[in-house]
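An overview of the molecular structure
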Amino acid sequence: MERIPIRRLALVAVLGALTLIPAAVASAGSIADNRQELTVGRGFDHVAVLPALLPNSKENTSSIAQNNGTAPATIVMDIFTPQGVQIPSATVVYANVPPGGTRVFAQAINTGLTPGFRGVGVISSDQPINALLVRDITSATFAKSYSIHNAYPTGGTKVTLPYVANALSATYNTRFAIANTGTSEACVTIQYVFPGGAKAPVTDAGSGSAACATGGYRIPVGGQISFAPTAVDGAIPMPASTANSIMAATLTTTSSTITVGVDAYLSSGLRKLASYDGFVVEGGTSDLGTSIAMPLAIKLDGFYTQYLLSNPNNTAATATINYAGNTGNYSVTLNIPANGTASHSVYEAAGGIPEGFVGAATITSDQPLAAVLFRSKMTSAGSFVDTDLYTAVNGVPTSRATTTAKFPLIFRRAYKTGGLSGYNTWVSVSVANGGTANVTITAINDTSNTAPGCNAPATYQTTRTITGSFIFYQNADADNGFGQNPNCFWGGMTITSDQPIIAIANATNDLNRGDNDGLYNAFSN
């Protein structure tokens, strides 16, 4: 099967032309002043950095912050140009956010930003925070494309991207944005590698004024650059020798740390948009593993998953994907060249995964790898004609599993109208060792949201025993993660467990045409 494009405390979010988030939340107050150079964090101890990027169309972004502390929090979002210059009139402040509570910073209604603005956002707080960046692109025909990026601490000095495409078949594309999360100028070199070593690696270290004296693309403190098939929206074109190719990429930097966000999208036709976050290899907490949990695997009613793996090591790797679900267990072995890439779809013959399968998978390897999960949908099982739906999420080393999973964005029937269900989420939880876990789920409503009838203070709690993996559908009237059936919910969720778990969440709505889904990793802190 042809690979279908699939698509980091200071928080830096690279913002678009200012949503799965309705744009009716945000201006909790602005701080006006003259423009000034970037000073990350406002003296707060907790800050987070997240780059985002955009295909060429109308785009809005919303940043979501969750209080991960034990006391009420003040959460501030400051916005900077790509060159690291602050725009004080765009600052937004929320005070007294309860522990576990969330607030949304919607750039679309930020009066301190001009239409068409692109830049970097920094979320800071006096309490630990978790943060997401949600992006919403609207086509000329008003079809939607959504995606969600996680924001993690500070990135690293070496980051790998398991899936990159440069105008493959003149249709499949990726764009990746690199944000400098350190305190000095970053000089970034990119190496592109191809499946099975089909082509020699391509190295791009920049040139002229764009490059540092010692080589590598120059990124100022608090700044960002992006790469894409073309120079659209100010991106730097990927090397011509990578055109019409699918590949992996590894980015290295000197003197500073970086974080990277990747979007996969189509240049025409379907409104597919999926996003994932670069995997830290060195210079920070490694995101690689020799045992990686993939919290979702599916081949059901046209829904299907595909895994893409990157081996950023100088030694070849042998990896086994072990699928486990409702119809049984299946395994697939992959050989991944040194500094190479490989993939597997549930529709490939290898593994023999049957129609109707729903479960999860674990990837084991003799070398530490990065793996990203893509989820799509065909018009019907085996039609090989895709719909707009397209999501991506990072695989997580099982060694990073914890007894807590936190979600800053959870919906139940927000903006429900008539026969439409509105905004909803589902949460997939996997027990890291494949065994049984007892979980307690707590959900706290966001009282600042403006969905009709949805902003009353409310806390819900329930328990459940999980064996292997389980999906909580918030729109359901049983096993929905609330313990009851609230008419409407828009807020955050925390799952605690007596065994280490790994979890993901998907947000969707049935109010718009296009790709209405965004998938993200739970925070395990």
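To start, this report covers the structure provided alongside it. Every value quoted in this text rests on a predicted model; they were computed, and no experiment measured them.

Here's the deal with the overall build of the protein
A count of helices and strands for the protein gives zero helices and 36 strands. Burial analysis of the protein (525 residues in total) assigns 60% to the buried set.

Topic: the pattern of salt bridges
For the structure on display, the rule yields eight salt bridges. The shortest N-O distance in the salt bridge between glutamate 185 and arginine 218 comes to 3.0 Å. Placement of glutamate 185 in the loop between β11 (172–180) and β12 (186–193) and of arginine 218 in strand β14 (residues 217–219) is noted, with a sequence separation of 33 residues between them. With a relative accessible area of 35%, arginine 218 lands in the partly exposed category.

Overview of the side chain of threonine 253
If you trace the backbone, threonine 253 turns up in strand β17 (residues 245–254). Separated by 3.3 Å, the side chain of threonine 253 and the backbone oxygen of cysteine 187 make a polar contact. Apart from the residues within four sequence positions on either side, threonine 253 is in contact with Gly156, Thr157, Ala186, Cys187, Val188 and Ile258.

Observations concerning unusual backbone geometry
One non-glycine residue, serine 255, lies in the positive phi region at around 75°. Mapped onto the secondary structure, serine 255 falls in the loop between β17 and β18 (258–266).

Comments concerning the environment of methionine 493
Here methionine 493 lies in strand β34 (residues 489–509). With a relative accessible area of 1%, methionine 493 lands in the buried category. For methionine 493, the residues in contact, after removing those within four places along its chain, are Gln66, Ala405, Lys406, Phe407, Ile410, Val427, Ile441, Thr442, Ala443, Gln474 and Gly481.

Observations regarding the state of the cysteines
In this structure the tally under the stated criterion is two disulfides. What pairs with cysteine 187 in a disulfide is cysteine 212, and their sulfur atoms sit 2.0 Å apart. Judged by the sign of its S-S torsion, about -95°, the bond between cysteine 187 and cysteine 212 is left-handed. You can see cysteine 187 sitting in strand β12 and its partner cysteine 212 sitting in the loop between β13 (202–204) and β14, a full 25 residues away along the chain. We note that cysteine 187, like cysteine 212, is buried. Bridging cysteine 454 to cysteine 488, the disulfide has an S-S length of 2.0 Å. Looking down the S-S bond of the cysteine 454 and cysteine 488 bridge, the torsion is -95°, so its handedness is left-handed. Here cysteine 454, found in the loop between β31 (436–445) and β32 (459–467), pairs with cysteine 488, found in the loop between β33 (469–473) and β34; they are 34 residues apart in sequence, far enough to count as distant.

Some words on the pairing of β31
In the sheet, β31 pairs with β32 via nine bridges, with the strands oriented antiparallel. Counted as the bridge partner of threonine 436 is threonine 467 from β32.

Concerning the nonpolar core
Judged by nonpolar contacts, the single largest core of 40 residues is most densely connected at Leu161, Phe176, Ile178, Tyr192, Leu251 and Phe374. The residues touching isoleucine 178, leaving out its near neighbours within four places in the chain, are Val188, Ile219, Gly223, Gln224, Ile225, Phe227, Leu251, Ile258, Thr259 and Val260. Ala405, Tyr460, Cys488 and Trp490 belong to the second largest nonpolar core, which has 39 residues in total.

Details of the sheet that holds strand β15 (residues 224–228)
If you walk across this open sheet you meet the five strands as β16-β15-β11-β18-β19, and the pairing is mixed. The outermost strands of the open sheet, each flanked by one partner alone, are β16 (236–237) and β19 (273–277). Examined bridge by bridge, β11 and β15 share four bridges and lie antiparallel to one another. The partner of alanine 177 across the bridge, within β15, is serine 226.

Things to note about the environment of proline 72
Along the polypeptide, proline 72 turns up in the loop between β3 (58–67) and β4 (73–80). Taking the C-alpha atoms as reference points, proline 72 and aspartate 126, separated by 54 residues in sequence, lie 8.9 Å from one another. With sequence-adjacent residues up to four places away left out, proline 72 is seen in contact with Asn67, Asn96, Val97, Pro99, Asp126 and Gln127.

Things to note about the packing of aromatic side chains
By the definition in use, this model includes 21 aromatic pairs. Measuring from centroid to centroid gives 6.1 Å for tyrosine 415 and tyrosine 423, while their planes differ by 65°, and the two rings are edge-to-face. Overall, the relative accessible area of 7% leaves tyrosine 423 in the buried class. These aromatic residues form a ring-pair network of at least three members: Tyr163, Tyr276, Phe279, Phe374 and Tyr390. For lysine 299, the ring lying beneath its charged end belongs to tyrosine 347, and the centroid distance is 4.6 Å. Over the ring of phenylalanine 470 we find arginine 464, and its NZ or CZ is 3.8 Å from the ring centre.

Conventions we followed
Residues numbered from 1 in each chain as written. Predicted model: local features only at pLDDT ≥ 70, side-chain atom pairs only at ≥ 80, totals over all residues. Heavy atoms only, no water. Helix = DSSP H or I, 4+ residues; strand = E, 2+ residues; numbered from the N terminus. Buried < 20%, exposed > 50% of the residue type's maximum accessible area, 1.4 Å probe, protein only. Salt bridge = Lys/Arg side-chain N within 4 Å of Asp/Glu carboxyl O. Polar contact = N/O pair within 3.5 Å; in protein donor to acceptor, adjacent residues only side chain to side chain. Contact = heavy atoms within 4.5 Å. Disulfide = S-S within 2.5 Å. Pairing = 2+ DSSP bridges. Core = buried A, V, L, I, M, F, W, Y, C linked by side-chain atoms within 4.5 Å. Phe/Tyr/Trp six-rings, centres within 6.5 Å; stacked < 30°, edge-to-face > 60°. Lys NZ or Arg CZ within 6 Å of the ring centre and 35° of its normal.

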